[in-house]
Amino acid sequence: MVGPITVQAKPNPLPLDLVDFINSAGENGFIIASFGSYAQTIISKAKIDIMASAFGKLKQKVIWKLKGNSDLLASANIFIKLK
């Protein structure tokens, strides 16, 4: 099951900063990276830093959902959504 089929609520609009980030992706597009809340408890800070460095080298924009890693050095092509 992919979610409740009977949901009738209208979705909330995206935050403007996220809309601007997506619109600035151009023809390279964007990638959404989310490893889930459990994975983030077992992935070390060092490995998260390595992934941030790799994401920063991509042509595509990256929307990355993280839990509690606000001290990352963000690249211009990474939008970090902290939960």
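Quick note: structure is the one above.
Described below are features of the structure shown in this document. (Residues numbered from 1 in each chain as written. Predicted model: local features only at pLDDT ≥ 70, side-chain atom pairs only at ≥ 80, totals over all residues. Heavy atoms only, no water.)

Let us now look at the overall build of the protein. Summing up its helical and strand segments, the protein has three helices and three strands in all. Secondary structure of the protein in N-to-C order comes out as α-β-α-α-β-β. For the protein, buried positions account for 23% of its 83 residues. Considering only intrachain contacts with a sequence separation of at least 6, the fraction spanning at least 24 residues in the protein is 47%. With an accessible surface of roughly 6300 Å², the protein has 61% of that area assigned to carbon and sulfur atoms. (Helix = DSSP H or I, 4+ residues; strand = E, 2+ residues; numbered from the N terminus. Buried < 20%, exposed > 50% of the residue type's maximum accessible area, 1.4 Å probe, protein only. Contact = heavy atoms within 4.5 Å. Areas by Shrake-Rupley, 256 points an atom, 1.4 Å probe, with all protein chains shown as cover.)

With that settled, the discussion passes to helix α3 (residues 45-56). In this model, α3 (twelve residues) spans 16 Å end to end at C-alpha, consistent with the 16 Å of a helix rising 1.5 Å per residue. Within α3, burial applies to I48, A52 and F55. The buried residues of α3 all sit within an arc of 65° when viewed along its axis, so they share a single face. For α3, exposure combined with an orientation more than 90 degrees from the buried face picks out K47 and I50. (Expected span 1.5 Å × (residues − 1). Arc of directions from axis to C-beta.)

So, on to the environment of L14. For L14, the location among the structural elements is in the segment before α1 (16-23). A relative accessible area of 47% means that L14 is categorised as partly exposed. Beyond its immediate sequence surroundings of up to four residues, L14 is in contact with V19 and I22.

Below, the discussion takes up the nonpolar core. A general feature of soluble globular proteins is that nonpolar side chains tend to end up buried together. Membership of the largest hydrophobic core is limited to eight residues, which are A33, I48, A52, F55, V62, W64, L66 and I78. Of all the secondary-structure elements, those providing two or more residues to this core are α3 and β2 (61-66). Once residues within four sequence positions are removed from consideration, I78 is found in contact with F21, A52, F55, G56, V62 and W64. (Core = buried A, V, L, I, M, F, W, Y, C linked by side-chain atoms within 4.5 Å.)

A few words now on the side chain of K61. Its place among the elements puts K61 in strand β2. Although K61 is buried, it makes no salt bridge; D20 carries the closest opposite charge, 11 Å away. A distance of 3.2 Å separates a polar atom in the side chain of K61 from a polar atom in the side chain of S24. Residue contacts for K61: discarding those within four places in its chain leaves F21, S24, A25, G29, F30, I31, A76 and N77. (Lys, Arg positive; Asp, Glu negative; His and termini not counted. Salt bridge = Lys/Arg side-chain N within 4 Å of Asp/Glu carboxyl O. Polar contact = N/O pair within 3.5 Å; in protein donor to acceptor, adjacent residues only side chain to side chain.)

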